[in-house]
Structures are given as structure tokens and as C-alpha cells.
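What follows is each chain in one-letter form.
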Amino acid sequence: MAASLALPGVSSARIVKATGPLKKKKPESALVVWYSQTGHTERYGRLIARCWGKQGLSVDAVPMKRADRSLLARYDLIAVGTPVQYLDVPPNVQDWLAGVPSIPGTGIVGYVSFGGKGDGQHNAAVTLLDTLTRRGGVPLGMGTFGNMSAYPPTWSMGYEARTLAFRDKPDQATYAQVRKLAADVLGRYGRGRGIEVKDELSVRGLFKGGISRGIAKATIGRHEIDPGRCIHCGTCVDRCPVGAIDLAVPRVDTRRCILCFGCLNNCPTGAHEMTVFGRKIYSFAELLRRNGITLLEPPELV
Ligand SMILES: Cc1cc2nc3c(=O)[nH]c(=O)nc-3n(C[C@H](O)[C@H](O)[C@H](O)COP(=O)(O)O)c2cc1C
């Protein structure tokens with residue numbers, strides 16, 4: 001359960017801790033579920049799944065879109081991962097979490113991937129655990145893993161260096177951190193001991209989510225689909241978490257859009273045209289290509 005600790009004038013910190021025991025002495029089954037736009041959160045999730053699988057657990061690892069929430073209570077252990085966006089858990093992930101049924105005694109893990117130095121990742125991970133603990137889950141671990149940011153306006157406005165400073169991330173140390181989280185969680189499960197986590201208070205945190213997204217949206221000049229380049233592959237429609245894209249026209253409903261850049265970052269032909277302060281925005285894949293960067297894969301997944 002999450003209690004609230006009020007700090008007048010600043011914000012309030014959530015404290016998340018277990019309210020009941022785990023349903024088993026030892027976990028036999030686990031689910032790892034993630035939301036991922038450019039692959040980082042997925043990679044960490046697959047690595048956690050691989051680590052648990054090696055320890056003899058029967059593990060399902062699936063993107064959030066394909067995870068059947070009605071089956072969650074069947075698992076002994078569940079890890080949920082998301083990127084932090086606009087200092088918060090993205091709205092579509094919050095919607096998914098809101099529909100999670102009661103999962104009493106299920107061990108839970110929340111992990112978040114973030115870009116660059118990172119901002120908001122800790123509290124985003126607390127949000128994951130908070131929501132799942134309210135459903136009866138027992139918090140067993142929390143992780144925040146850093147990599148290159150996949151936020152296209154940064155490099156498109158000419159600040160490539162800010163993103164490229166992290167071109168070597170994720171590295172072996174990042175993956176060691178992921179494996180450690182997976183191992184620590186099993187250790188805690190065996191000891192029947194949950195963790196206690198709380199928010200980090202910051203003034204910037206007051207601008208998380210909608211406010212921050214609204215400010216970013218005000219800098220975007222246009223968002224259109226070039227009919228000459230679009231090959232109607234449907235990738236953007238599949239990636240859009242809020243159903244804002246109609247390829248028949250083709251058109252993007254920019255009011256509905258949550259500015260996640262999943263369409264632009266994944267379009268194979270560069271058909272999504274967006275501008276920021278009048279400059280053309282280009283994708284994460286294009287940034288990697290232009291700078292000859294190949295992201296490191298954990299050896300277990302190659
Ligand atoms: C729309 C958007 C907003 C972002 N906002 C933040 C943020 O507030 N703080 C942060 O540390 N990283 C931020 N990032 C960077 C992502 O969290 C990071 O690139 C993440 O690892 C992407 O995960 P994925 O590859 O699984 O989609 C943002 C990226 C995008 C695309």
C-alpha cells in the first residue's frame with residue numbers, strides 16, 4: 001500500500017511497501033512485460049526474462065500490448081518495464097496499469113529505461129510499483145537503466161552532442177545492473193522480504209507528464225505523413241499508443257497524439273514529417289546511422 005507524506009508547497013512523496021506475504025516460498029512462473037518504442041526497455045526485459053529462465057522459472061516475456069491482464073494473477077512474479085517520457089510513466093502504460101486486476105501475493109518488479117543523464121526515472125519506477133502494490137503485489141525490486149535518449153527534438157535542433165555523450169550506453173555495466181536486479185529479486189523472494197521505496201522530490205517533477213508534453217507540443221510546427229514516401233506498412237499505426245494515425249487519408253490527429261515519436265522513430269521510409277522550431281526532425285535510427293553507432297546487445301540475447 002502507498003502512504004502519502006506531505007511536504008507543503010513542494011509535492012508529496014509516496015512510500016511503497018508490501019502489505020501482505022508472497023503467495024509462495026519459491027517462484028515457479030514469471031511474466032516480464034514491457035512498453036518499448038526504440039527497443040531499450042524491451043532489451044532489458046528480455047534479459048531479465050533470460051536470467052529468471054536460467055534459474056529454472058517458466059517465463060513469458062511479451063510487449064504490453066500483447067499481455068493479457070486477466071491472466072496476471074497466475075504468475076508468481078511479474079516485472080513491468082517502461083521508458084520514462086516527459087518525466088513520467090507514459091499515459092498508455094498508466095492506462096494499462098489501471099486495468100491490472102487483483103494480484104495478491106505476486107512478487108512485482110518495476111523497471112524504467114531513461115535517456116542521457118536521466119530525469120524522472122526513479123519516480124516513474126515508483127509509480128509502477130505503487131500501482132501494482134495497490135493490487136496486492138509484493139514489491140521485490142526496482143531498477144532504472146540508462147542509455148542514449150530516443151527523444152528526436154534534441155538532436156534535430158542541433159544538440160546531437162547531448163545525446164551522443166551517451167553513445168556507449170547501454171554498455172556491459174548497464175547489463176550487469178539488469179542481471180543484478182533479476183538476481184536480487186529472486187533472493188528477496190526466497191527470503192520472503194519485500195522492498196520499501198519512496199519518491200524523490202524535485203521541483204522539475206511538478207512539471208511531469210501533461211505539462212511537460214504540452215510545452216514540447218508547442219514547439220512542434222507540423223506533423224504530417226508524406227503520401228509519396230508512405231508505403232502503407234502500418235508500422236506507425238502499430239506503434240502509436242493512442243490510435244492517432246489514419247493511413248487511409250493519411251493523417252495524424254495531433255490533438256490526440258501524445259508526442260512519443262514512436263511513429264517517426266520507427267517509420268522505415270521517413271514518411272513522418274515533423275518540425276521543431278522550424279527544423280526537420282529526424283529519427284533515432286537515422287541518428288544511429290549518421291554516427292555509425294551499433295547498440296551493444298547483451299551476449300545472452302545474441
Ligand atoms: C517522447 C520522449 C520523452 C522522453 N522523456 C524523457 C524524460 O523525461 N527523462 C529521461 O530521462 N528520458 C526521457 N526520454 C528518453 C527515453 O526515456 C529513453 O530513450 C528510453 O530508454 C527509450 O526506451 P525505449 O527504447 O524502450 O522506447 C524520452 C524519450 C522520448 C521519445
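Residues numbered from 1 in each chain as written. Predicted model: local features only at pLDDT ≥ 70, side-chain atom pairs only at ≥ 80, totals over all residues. Heavy atoms only, no water.

What follows is about the side chain of asparagine 147. Its location among the elements puts asparagine 147 in strand β7 (residues 138–147). Polar side-chain contacts of asparagine 147 include one of 2.7 Å to the side chain of tyrosine 44. Apart from the residues within four sequence positions on either side, asparagine 147 is in contact with His40, Tyr44, Ser113, Phe114, Gly115, Gly116, Phe166, Lys169 and Pro170. (Helix = DSSP H or I, 4+ residues; strand = E, 2+ residues; numbered from the N terminus. Polar contact = N/O pair within 3.5 Å; in protein donor to acceptor, adjacent residues only side chain to side chain. Contact = heavy atoms within 4.5 Å.)

A few words now on helix α1 (residues 40–54). Because an α-helix packs 3.6 residues into every turn, residues spaced three or four apart end up facing the same way. Its 15 residues place the ends of α1 21 Å apart at the C-alpha level, agreeing with the 21 Å of an ideal helix rising 1.5 Å per residue. Every buried residue of α1 is listed here: His40, Thr41, Arg43, Tyr44, Gly45, Leu47, Ile48, Ala49, Cys51 and Trp52. Phi turns positive, to about 95 degrees, at glycine 56, one or two residues after α1. (Expected span 1.5 Å × (residues − 1). Buried < 20%, exposed > 50% of the residue type's maximum accessible area, 1.4 Å probe, protein only.)

So, about the site of the ligand. In the vicinity of the ligand there are 24 residues, among which Ser36, Gln37, Thr38, Thr41 and Ser113 approach most closely. Between the ligand and glycine 39, the relevant distance is 3.1 Å, taken from an oxygen atom to a main-chain nitrogen or oxygen of the residue. Aspartate 119 has a polar backbone atom sitting 2.8 Å from a nitrogen atom of the ligand. Within the complex, the protein chains bury 94% of what would otherwise be the 640 Å² of accessible surface of the ligand. Among the secondary structure elements, those contributing two or more residues to the shell around the ligand are α1 and β6 (107–115). The element that contributes the greatest number of residues to the shell around the ligand is β6, accounting for three residues. Partitioned by chemical class, the residues of the shell around the ligand number eleven nonpolar, twelve polar and one charged. Counting residues domain by domain, the shell around the ligand receives three or more from each of domain 1 (9–202) and domain 2 (219–283). (Near = heavy atom within 4 Å. Areas by Shrake-Rupley, 256 points an atom, 1.4 Å probe, with all protein chains shown as cover. Nonpolar A, V, L, I, M, F, W, Y, C, P; charged D, E, K, R; others polar. Domains from an automatic or database assignment.)

Turning to the pattern of salt bridges, a few remarks are in order. Applying the stated rule across the entire model yields 16 salt bridges. A salt bridge links aspartate 130 to arginine 14, with the nearest nitrogen and oxygen atoms 3.7 Å apart. Within this pair, whereas aspartate 130 is found in helix α3 (residues 121–134), its partner arginine 14 is found in strand β2 (residues 11–16), the two being separated by 116 residues in sequence. Like arginine 14, aspartate 130 is buried. When the shortest N-O distance is used, the salt bridge between lysine 169 and aspartate 171 registers 3.3 Å. A single salt-bridge network, built from bridges that share partners, covers Arg14, Asp130, Arg134 and Asp199. (Salt bridge = Lys/Arg side-chain N within 4 Å of Asp/Glu carboxyl O.)

So, about the packing of aromatic side chains. Following the criterion strictly, the structure yields seven aromatic pairs and no others. Ring centres 5.6 Å apart and planes at 90 degrees place the aromatic pair tyrosine 151 and phenylalanine 261 in the edge-to-face group. Here tyrosine 151, found in the loop between β7 and α4 (152–156), pairs with phenylalanine 261, found in the loop between β11 (251–252) and α9 (262–266); they are 110 residues apart in sequence, far enough to count as distant. Judged by relative accessible area, which is 28%, tyrosine 151 ranks as partly exposed. Three or more aromatic residues link up through ring pairs in this structure, and these residues are Tyr44, Tyr111, Phe145 and Tyr175. The residue whose ring lies beneath arginine 162 is tyrosine 159, and the NZ or CZ to ring-centre distance is 4.2 Å. (Phe/Tyr/Trp six-rings, centres within 6.5 Å; stacked < 30°, edge-to-face > 60°. Lys NZ or Arg CZ within 6 Å of the ring centre and 35° of its normal.)

Spatially, β9-β12-β13 is the arrangement adopted by the three strands of the open sheet, whose pairing is antiparallel. Of all the strands in the sheet, just β9 (220–225) and β13 (279–280) have a single pairing partner and so form its edges. By the bridge criterion, four bridges tie β9 to strand β12 (residues 272–276) in an arrangement that is antiparallel. Of the residues in β12, the one forming a bridge with histidine 223 is methionine 274. (Pairing = 2+ DSSP bridges.)

Take it as geometry only, folks, not as evidence of what the structure does.
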